[in-house]
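Understanding the architecture of this molecule
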Amino acid sequence: MFASNTPTSTSHNMTIALQKGEARTFRAWLRPVEAGPLMWRFRFSNCVDSTWDDGSESWADLPGGRFEIVSACACAEAEGETDKPARVTWGGEAGRAVEPGDWVVSDPVALDIHRGGHIAFSWCLRALEDGAILPVTPDSRALCWSASGAAAYADMTAFQEDDTACLPDIFEANRPARYRMVFMGDSITQGVQTRVDLCEQWAARIALGIQRDVAVWNIGLGFGRAADAAKNGTWLGKAAGADVVNLCFGVNDLLHGSRDADVLADDLRAAIAGLRARNPRVRVVLFTIPPFDLTGEDEARWRAVNARVRGGDHLGADAVFDIAAVLGREAPEDNMAFFGGHPDGRGGAAVAGEYLSAFWPMWREALLPGGDA
């Protein structure tokens, strides 16, 4: 089946703007999960998923502007060298117009991505109106570039590094997978402050280490908060099609949303209910709120919400993964982050190791439809 085939986070929490007639080409290299000859396709949602910072620049469910895909191509990269690019088409055409809020899906294209290499994707986008908004995200941890004008087939000398490149939401391949899994959360899920292109973040390590029949899609975003997920908008809609959704929220709700424990718990419960309303068969894993060196009233609210996640009905989730216990220091300083508030590669390895070696073997059968160990 077609499913996510990259371990790197791909979604939108910020925007850039082009003026009418202005064209820009974006390029990215991403590590595949499954290498070798596969059919690939690319999906893009012309909408912002979650709020950036204080919401003054972009916010959840902000529609993108009117633009057109001029051309797109993809190929394999290995050791800095790329194969001849294959044209990526959209409904049999080289390009297409994209309206606010649109979901667009490319036609499948055959690519043979080398183990240890990248899938290299490029597309040229041209604004159809002044101030056309393009949804983007910084800190994807992928290798990203951009160039002025139509340069989809140009060599790398035309490009410069660009941390806010506009990219598809999901790089899918027709891979040997039976189940879909999503990781949805904030910058800790996205992997901010892990090294670029090394897939050190815990969600990426899980995507690469879990059984081949499970395809992982990381939609974690910086500044992401449960309050946005609870809106049951575009972002939650992306997650709802999965068999298993892992939710890891809370830090930004405490720091930026000033949510008290009751409101944050209600937001988490609402996000889980929203997933079930969209997909009654979905199974939800709720993570405790990771440690972020919170003190005072922030620490008190952190402890109160984590107690609710761990106890009772787990706010409606099917299972709980205690990421706070993995990333925190020993009690009573368990509110302090052992691997940094944004876990580094060591923290990524610790979380992925606990998830893959202890949590997943225990819960796979219960969480997957017809799942077995």
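A brief report on the enclosed structure follows. Because the structure is predicted, anything quoted here is derived from the model rather than measured. (Residues numbered from 1 in each chain as written. Predicted model: local features only at pLDDT ≥ 70, side-chain atom pairs only at ≥ 80, totals over all residues. Heavy atoms only, no water.)

**Thoughts on the overall build of the protein**
The following threshold applies: Strands are runs of DSSP state E lasting at least two residues, helices are runs of H or I lasting at least four, and both sets are numbered from the N terminus onward. Here the radius of gyration uses the C-alpha set of atoms, whereas the globule reference equals 2.2 Å times the residue count to the power 0.38. Exposure classes here rest on a 1.4 Å probe applied to the protein chains alone. A residue is buried below 20% of its type maximum, exposed above 50%, and partly exposed in between. The contact rule is simple, with two residues in contact once any of their heavy atoms fall within 4.5 Å. All accessibility values rest on the Shrake-Rupley procedure with a 1.4 Å probe; residue burial counts only the protein chains present in the view. The sign given to each residue is positive for Lys and Arg and negative for Asp and Glu; His and the chain ends receive no count. Charged groups are reduced to one reference atom each: NZ for lysine, CZ for arginine, CG for aspartic acid, CD for glutamic acid.
Each helix and strand in the protein was counted, giving 9 helices and 20 strands. Taken over the C-alpha trace, the protein has a radius of gyration of 20 Å; the compact-globule value for 373 residues is 21 Å, and the two agree within 12%. Taken along the three principal axes of its C-alpha coordinates, the protein extends 55 × 45 × 35 Å. Out of the 373 residues belonging to the protein, those deemed buried represent 57%. Across the protein, the fraction of contacts at a sequence separation of at least 24, relative to all contacts at a separation of at least 6, is 81%. Total accessible area on the protein stands at roughly 14,000 Å², and carbon and sulfur atoms take up 49% of it. In the protein, 35 positive and 51 negative side-chain charges are present, and the distance between their average locations comes to 5 Å.

**Remarks on the packing of helix 6 (residues 261-278) against helix 7 (residues 296-310)**
Rule in force here: Interaxial angle, 0 to 180 degrees, is taken between N-to-C directions of lines fitted to C-alpha atoms, where a helix line uses only the stretch in contact. Geometric relationships in this document are graded by angle, where less than 35 degrees denotes roughly parallel, more than 145 denotes roughly antiparallel, 65 to 115 denotes roughly perpendicular, and other angles denote oblique. Each crossing gets its hand from how the near helix is turned against the far one by less than a right angle, where anticlockwise is left-handed and clockwise is right-handed. Each residue gets one label: Ala, Val, Leu, Ile, Met, Phe, Trp, Tyr, Cys and Pro are nonpolar, Asp, Glu, Lys and Arg are charged, and the others, such as Gly, are polar.
Across the interface, helix 6 lies against helix 7 with an axial gap of 9 Å and an inter-helix angle of 40°. On the basis of their axis angle, the class for helix 6 and helix 7 is oblique. Of the two possible hands of crossing, helix 6 and helix 7 adopt the one that is right-handed. Taking contact as the criterion, the partners of Ala261, Asp262, Leu264, Ala265 and Leu268 in helix 6 are, on helix 7, Arg301, Ala304, Val305, Arg308 and Val309. Within the contact of helix 6 with helix 7, the residues separate by chemical class into 7 nonpolar, no polar and 3 charged.

**Looking at the pattern of salt bridges**
Heads up, the rule is: A pairing counts as a salt bridge when a side-chain nitrogen of Lys or Arg comes within 4 Å of a carboxyl oxygen of Asp or Glu.
Applying the stated criterion across every chain yields a total of 22 salt bridges. Note that Lys238 is salt-bridged to Asp49, the shortest N-O span being 2.6 Å. Placement of Lys238 in helix 4 (residues 234-240) and of Asp49 in the loop between strand 4 (36-45) and strand 5 (67-78) is noted, with a sequence separation of 189 residues between them. For the pair Lys238 and Asp49, one class covers both residues: buried. Linked through salt bridges whose partners overlap, the residues forming this network are Arg41, Arg43 and Glu172.

**Quick word on the sheet that holds strand 19 (residues 283-287)**
Quick note on the threshold: Criterion used throughout: strands pair if DSSP finds at least two bridges between them.
With respect to topology, 5 strands assemble into an open sheet ordered 17-16-18-19-20, the strand pairing being parallel. Of all the strands in the sheet, just strand 17 (214-218) and strand 20 (319-321) have a single pairing partner and so form its edges. Neighbour-to-neighbour, the strand axes of this sheet turn through a mean angle of 20°, independent of strand direction. Examined bridge by bridge, strand 18 (residues 244-248) and strand 19 share 4 bridges and lie parallel to one another. Counterpart to Asn246 in the pairing with strand 19 is Val285.

**Structural notes on the pairing of strand 16 (residues 179-185)**
The element strand 16 is largely enclosed, with a buried count of 6 among its 7 residues. By the bridge criterion, 5 bridges tie strand 16 to strand 17 in an arrangement that is parallel. When the bridges of strand 17 are listed, Phe183 appears paired with Asn218. Bridging between strand 16 and strand 18 involves 5 bridges; their strand directions are parallel. Looking across to strand 18, one finds that Gly185 is bridged to Cys248.

**Looking at empty space enclosed by the protein**
The condition is simple: Here a cavity denotes grid points, spaced 1 Å and computed from the protein atoms alone, that fit a 1.4 Å probe unable to get out, and a pocket denotes an open set having protein on both sides within 12 Å along at least 5 of 7 lines; residues with an atom within 4 Å of a point are the lining. Grid points are joined across faces, edges and corners, and a volume is the space filled by probe spheres set on the points.
The final tally for this structure, using the stated rule, is 3 cavities of 30 Å³ or more. Of the volumes computed, that of the largest cavity is approximately 50 Å³. For the lining of the largest cavity, the residue count by class is 4 nonpolar, 6 polar and no charged.

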